[in-house]
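# Per-entry structural report
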Amino acid sequence: MNYTDRIFPTNKGLTTYLEELIAKNYQIPTFQRDVVWQQENVKKLWDSIYKFYPLGSILIWKTDLKLQNHRQIGGHQITDINFTRTEYQYILDGQQRTTSLLTSLYGGTIEGRSGFDPLLYVDLTIPIDNDTDDESYRNRFLFWADIDDRNGEIRSNIGKKQRFEDGLIVKLIDIKNNFTNIQANVFNSTTVNKDFNHPILAELAKIKGVLDNYRISFIEVKGIQVSEVCQIFERINQAGKPLNIFDIVVAKTFKPATSTEKGFYLRDLINDFRDHNNSEFLKISDIDYLQILAVIINQNIPNSGVRNITDRYLNEIKTEHILAVWDEAKKAILKTFDFFENHLHIKTPYLIPFRYFYFTVSAYFYQNSSPCYELLKKYFWFNSFHSYDLLSNTTHLAQHLDFLNSKKTSYIFDRFLIDKQRLRSATYSSKGRMSRAILALYASAQPKDWEHCDRDVLVQNFFFTTDKPNLHHIFPTNSEYVLNNQHKNKITSDSLMNIAYLTQITNRYITNRNPLEYIKDYDNQEFEAILPSHLLSNDILTWARSGVLPDNAIDQFVESRVNNILNDLKIKLAHITFDEIDTMEIKETLTIEERV
């Protein structure tokens, strides 16, 4: 199929479309969002039809792919779960309009509106004032709640109730299905009094003409991949939540329960996994879970067709693939979370430098009865801090999976390279890979509180949380020292080298005071002993005791912190060739040479 055949504009009569919907010729996939049904919007929709204004096209995806569908729309059954077609017609855009039109004509139920009747009536006595009349629709199109006077209790409805009883307010569906009887009733009413030229009869004829002749525009797309459907859906729903491949796979792998077989619903499977376990890492995205499964399926199910974690291959995941690996995959995922939380002491997914770690480590744990945690620790820190991004694309992912699969018994890492300047320049605001790695390293050191030195600082909800994080600037950015010496230090006080994890109470107590002042409040043997848990040297304590901060104290402090981090990494990466470079020194050398 060439590109010119992929999109086909067409149109169909309004009532014909709704009849075909009831006949189950169209499906609404479950990734479509819930309808927000509002009376005013429904009336405006019919006013546009009444005036023969365009409604905008309804987007239909034609495919042989069977997806999970909404079984009902407005209370009307539109899906036969036991019916198989050679081609399905999925409504990608237009569910809101379709629901409004269907329930207006055929009645039904509106979610969250118990007892409300969505059938629409039309008051034939309401004229259009002028060509730009944009108000009369409120009185022309009515719901029963707008008509019922409750035996005179609602005075504003008394006149409308009388017109209804006189046959001048009628159901839209009756005009469609029983036009002759409606016309006769209006003709014989006391208001029209058998006047063939009466404007009410003309109005009735106009409404009948609208129902018979209004055509809805459709754009049919076919011959497109699931990944393209995601892109199309996102672009036409820019104000709403984008569709993603997880929604498609959920719909595609859905199987209803029968008398002989259990049903399958991937979303419930993952949500149940979250609900019955306890870890901050359970909050990783649905896509993360899906891609973990894709990696495990790729490595353990021959000829699955799931050759990568891109949308193109995620679309190849089948129900039987998931069921084949799920029991062992759950164990592997929980071991992965346990590794991060209790071996690396990283308590939150927001500090994981690469999300691909979920995939590689889970794949390593899958059906692995004797995992090597020393290998995994080295693997994590090696790739988190290396000067090159070593796990940022699917090519890297494949290489990492091969490495871990081949190193289950013995392992040798390549040379480790780290740039000291990348440590100095990492900031909280950058939220990049190196920033996450540094904060993860601080967390892994299991920092202690400065006031109560036997108390752990629980590093669980930092970095990307909307709450103010308990990250303390050792040289507070608005302290007197920083403001007076900001031009005497090369490194900004916003560097993560100037950050420590503290409890919220301690952080608030310190606020923006100068280090010389607040450090004295904690100067004791216990405090000095817990400084290494923050990868801190005694410099700041020595300065506080002397009562003097050097003009370039921030630079000296940062350099000491950088060296502490490097020393800690050397221990973590023992027996691996460990090389350092400093691009700041290189840059300064080049600048001097340029001046010479």
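Residues numbered from 1 in each chain as written. Predicted model: local features only at pLDDT ≥ 70, side-chain atom pairs only at ≥ 80, totals over all residues. Heavy atoms only, no water.

### Remarks on the confidence of the model for the protein chain
To be explicit about the condition: pLDDT measures the predictor's confidence residue by residue and takes values from 0 up to 100. Helix and strand assignments come from DSSP, with helices taken as H or I runs of at least 4 residues and strands as E runs of at least 2, each series counted from the N terminus. Here, two residues are considered to be in contact whenever any of their heavy atoms come within 4.5 Å of each other.
When pLDDT is averaged along the protein chain, the result is 87, and 87% of the positions lie at 70 or above. Considering each helix and strand of the protein chain separately, the mean pLDDT is smallest for helix H27 (residues 583-595), with a value of 57, and largest for helix H16 (residues 356-365), with 98. Taken together, the stretch residues 461-469 has pLDDT below 50 and engages in 17 contacts with residues farther than four places along the chain or on a different chain. Confidence over residues 592-596 falls short of pLDDT 50; this stretch has zero contacts with residues more than four positions distant or in other chains.

### Considering the side chain of Lys62
Worth spelling out the cut-off: Note on classification: 1.4 Å probe, protein chains only; a residue is buried when its accessible area is under 20% of the maximum for its type, exposed when over 50%, partly exposed between these limits. In the analysis that follows, any N or O atom pair within 3.5 Å is treated as a polar contact, provided that within protein one partner can donate a hydrogen and the other can accept it, and provided that, for residues neighboring in sequence, both atoms belong to side chains.
Position of Lys62 relative to the elements: it lies in strand E2 (residues 58-63). Residue Lys62 is classed as buried on the basis of its relative accessible area, which comes to 16%. There is a polar contact of 3.2 Å between the side chain of Lys62 and the side chain of Glu220. Dropping the residues within four chain positions of it, Lys62 is found in contact with Glu87, Tyr88, Gln89, Glu220, Val221, Lys222 and Gly223.

### Side note on the pairing of E2
Definition in use: Two strands pair if DSSP finds at least two bridges between them.
Across the six residues that make up E2, a large majority, six, are buried. Of the two faces of E2, the one carrying Ile58, Ile60 and Lys62 and the one carrying Leu59, Trp61 and Thr63 are both buried. Bridge count for E2 against strand E9 (residues 215-222) is five bridges, and the pairing is parallel. By the bridge assignment for E9, Ile58 is matched with Phe218. Relative to strand E5 (residues 88-93), E2 is paired through five bridges, and the arrangement is antiparallel. Looking at the pairing, Trp61 lines up with Tyr90 of E5.

### Focus on the sheet that holds E9
For the record, the criterion: To get an axis, fit a line to the C-alpha atoms, keeping to the stretch in contact for a helix; angles then go from 0 to 180 degrees between the N-to-C directions.
Within the open sheet, the four strands sit side by side as E1-E9-E2-E5. Their pairing is mixed. At either margin of the open sheet sits one strand with a lone partner, and together these are strand E1 (7-13) and E5. Between one strand and the next, the sheet's axes are offset by a mean angle of 35°, whatever the strand orientation. Where helix H1 (residues 14-22) meets the sheet, its contacts fall on E1, E2, E5 and E9, and the angle it forms with E1 comes to roughly 100°.

### Thoughts on the nonpolar core
Defined as follows: By convention a nonpolar core is built from buried Ala, Val, Leu, Ile, Met, Phe, Trp, Tyr and Cys residues, the set being connected through side-chain atoms within 4.5 Å.
With 125 residues, the main nonpolar core has Leu266, Trp381, Phe385, Leu423, Trp450 and Phe475 as its most contacted residues. Ignoring anything within four residues of it in the chain, the contact list for Phe385 reads Phe416, Leu417, Ile418, Leu423, Arg433, Met434, Ala437, Ile438, Leu441 and Leu569. With 46 residues, the next largest nonpolar core counts Leu120, Leu124, Phe141 and Ile200 among its residues.

### Considerations on the pattern of salt bridges
Where we set the bar: Definition used for salt bridges: Asp or Glu carboxyl oxygen within 4 Å of a side-chain nitrogen of Lys or Arg.
Going through the model one piece at a time under the given rule, you end up with 34 salt bridges. The closest approach of N and O atoms between Glu559 and Arg424, which form a salt bridge, is 2.8 Å. Taken together, the positions of Glu559 in helix H26 (residues 553-572) and Arg424 in helix H19 (residues 420-425) put the pair 135 residues apart, joining distant regions of the chain. Overall, the relative accessible area of 1% leaves Arg424 in the buried class. Across the salt bridge formed by Asp568 and Lys572, the nearest N and O atoms sit 2.8 Å from each other.

### A few points about the sheet that holds strand E7 (residues 141-143)
Spatial strand order, E7-E6-E8: three strands in an open sheet with antiparallel pairing. Strand pairing shows two members of the sheet lacking a second neighbour, E7 and strand E8 (169-171), which therefore form its edges. Within the sheet, the average angular offset between the axes of one strand and its neighbour, ignoring direction, is 40°. Here strand E6 (residues 120-123) runs beside E7; their pairing, made up of three bridges, is antiparallel. Counterpart to Leu120 in the pairing with E7 is Phe143.

### Details of helix H3 (residues 95-106)
In plain terms, the rule: How far a helix is expected to stretch is found by multiplying one less than its residue total by 1.5 Å.
Over its 12 residues, H3 runs 16 Å from end to end, which matches the ideal 16 Å to within 8%, given 1.5 Å per residue. For H3, the tally of buried residues reaches 10 of 12 residues, placing the bulk of the element in the interior. Buried within H3 are the following residues: Gln95, Arg97, Thr98, Thr99, Ser100, Leu101, Leu102, Thr103, Ser104 and Leu105. Following H3 by one or two positions, Gly107 has its phi on the positive side, about 70°.

### Quick word on helix H12 (residues 266-275)
The condition is simple: What the arc measures is the spread of directions leading from the helix axis to the C-beta atoms.
Residues Leu266, Ile270, Phe273 and Arg274 constitute the buried set of H12. Across the axial projection of H12, the buried residues extend over an arc of 100°, all falling on one side. Where H12 is buried, its residues meet helix H11 (245-253), helix H13 (286-300) and helix H15 (319-343).

### Notes on unusual backbone geometry
Phi at Asn193 is positive, roughly 55°, even though this residue is not glycine. In this structure, Asn193 sits in the loop between helix H8 (179-187) and helix H9 (199-213). Judged by its relative accessible area of 59%, Asn193 falls in the exposed class.

### Focus: the packing of helix H17 (residues 373-385) against helix H20 (residues 433-444)
Formally: Roughly parallel covers angles under 35 degrees, roughly antiparallel covers those over 145, roughly perpendicular covers 65 to 115, and oblique covers all other angles. Here the nonpolar group is Ala, Val, Leu, Ile, Met, Phe, Trp, Tyr, Cys and Pro; Asp, Glu, Lys and Arg are the charged ones; every other residue, Gly included, is treated as polar.
Orientation of H17 relative to H20, taken along the N-to-C sense of each, is 140°, at an axis distance of 9 Å. When the interaxial angle is binned, H17 and H20 end up oblique. In contact with Trp381, Asn383, Ser384 and Phe385 of H17, H20 contributes Arg433, Met434, Ala437, Ile438, Ala440, Leu441 and Ser444. Across the contact of H17 with H20, the residue classes break down as seven nonpolar, three polar and one charged.

### Some details on the environment of Leu441
In this structure, Leu441 sits in helix H20. Distance in space between the C-alpha atoms of Leu441 and Phe385 is 9.7 Å, their sequence separation being 56 residues. For Leu441, the contacting residues outside a window of four places in its chain are Trp381, Phe385, Leu535, Ile565, Asp568, Leu569 and Lys572.

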